[in-house]
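Survey of secondary and tertiary structure
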Amino acid sequence: MSTDGLIVVDKPGGMTSHDVVARIRRLAKTRRVGHGGTLDPMATGVLVIGVGRATRLLTYVIGAGKSYTGTIRLGQTTVTDDAEGDVTATVPAGQVTDEAIRSALAGLSGEVDQVPSAVSAIKIDGQRAYKRVRDGESVELPARRVTISRLEVLAIRRTEPDVVDVDVDVTCSSGTYIRAIARDAGLVLGVGGHLTALRRTAVGGFTLAEAATLDELEQRAPDVVNLPLDAAADRFFARREATLDEARVLSHGGPLTPAGLTGPYAVFGPAGGLIAIVSERDGRARAEIVLAPA
């Protein structure tokens, strides 16, 4: 059985995030595997996988900021806001200027209220939005506040007469849909738009530089974890050292005296092992999750 910890996977196109989890379960020889933030089948790049006790860290990974590179095609609208869906409308975009494109994208950055793509994993009355759309329903999702801290145009390409392809680099908060940026840019410019390529380059501090392909993981199975639990927590959180008495109290769910650290943060015992993820409130440092072995 594989060590508890995280794996940074370079997800290939054509696989769901669940497909990757299923593969890692086989390689790591454990059922206790999860992922830290869904990537659409079309998308590639950083997918953080948790194994064993490290699956409990994934809630923090899901909430981390993310970076992407992608390609927006102007001039075509699709039902899914990406290349996976059928084209629903075409408007020649060849006359849209580079200046107008840059201006439209600049207006979509910062703190914005973004309407998620209708074909998404968001649940409506207990059912995924994408299933309702595929069943023929018309779905309208409420806007949600997201932060797009960087939306940089890398290139504007005009290789076909009626469409314009725009390569972008995006850094954003969790919950941002890059497909929705493509859709909204097309709406602003009056020609429609959708996403034709997407690669996630970072999740929090985890980047493509340390990501392994599934083929690479296959070759070293079952030793697939590249960030053991303690190292993963040390990378992702601020660190606090506990005394032996504090470690004993915390490992049984008891509170510690606050240290004035902005939480959540990781508390390590005298021997260096991770005990818990802690946050401070009401004059106490309390465990959000206890990870010390039973």
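About the criteria used
Residues numbered from 1 in each chain as written. Predicted model: local features only at pLDDT ≥ 70, side-chain atom pairs only at ≥ 80, totals over all residues. Heavy atoms only, no water. Axes fitted to C-alpha atoms, helices over the stretch in contact; angles between N-to-C directions. Helix = DSSP H or I, 4+ residues; strand = E, 2+ residues; numbered from the N terminus. Parallel < 35°, antiparallel > 145°, perpendicular 65-115°, else oblique. Left-handed = near helix turned anticlockwise from the far one by under 90°. Contact = heavy atoms within 4.5 Å. Nonpolar A, V, L, I, M, F, W, Y, C, P; charged D, E, K, R; others polar. Pairing = 2+ DSSP bridges. UniProt positions renumbered as here; feature names shortened; annotations may be inferred.

Considerations on the packing of helix 3 (residues 98-106) against helix 5 (residues 178-189)
Two numbers describe how helix 3 lies on helix 5: the axes approach to 9 Å, and their chain directions differ by 125 degrees. Considering their axes alone, helix 3 and helix 5 lie oblique with respect to each other. Seen from above, helix 3 lies across helix 5 with right-handed handedness. Of the residues in helix 5, those touching helix 3 at A100, I101, A104 and L105 are I181, A185, V188 and L189. Taken together, the residues that form the contact of helix 3 with helix 5 break down as eight nonpolar, no polar and no charged.

Comments concerning the sheet that holds strand 17 (residues 274-281)
Pairing within the open sheet is mixed, and its four strands lie in the order 15-16-17-18. Taken across any chain shown, the strands that pair with only one partner, and hence form the sheet edges, are strand 15 (238-241) and strand 18 (284-290). The sheet shows a mean angle of 40 degrees between the axes of neighbouring strands, taken without regard to direction. Pairing analysis gives four bridges linking strand 16 (residues 265-268) to strand 17, with the strands arranged antiparallel. Each bridged residue has a counterpart across the sheet, and for Y265 the counterpart in strand 17 is V278.

Quick word on the UniProt feature "active site" (unreviewed entry) in the protein
Here the UniProt feature "active site" (unreviewed entry) sits at D40. Position of D40 among the secondary structure elements: in the loop between strand 2 (33-35) and strand 3 (44-51). Not counting residues up to four positions away in its chain, the partners in contact with D40 are K11, M15, D82 and R179.

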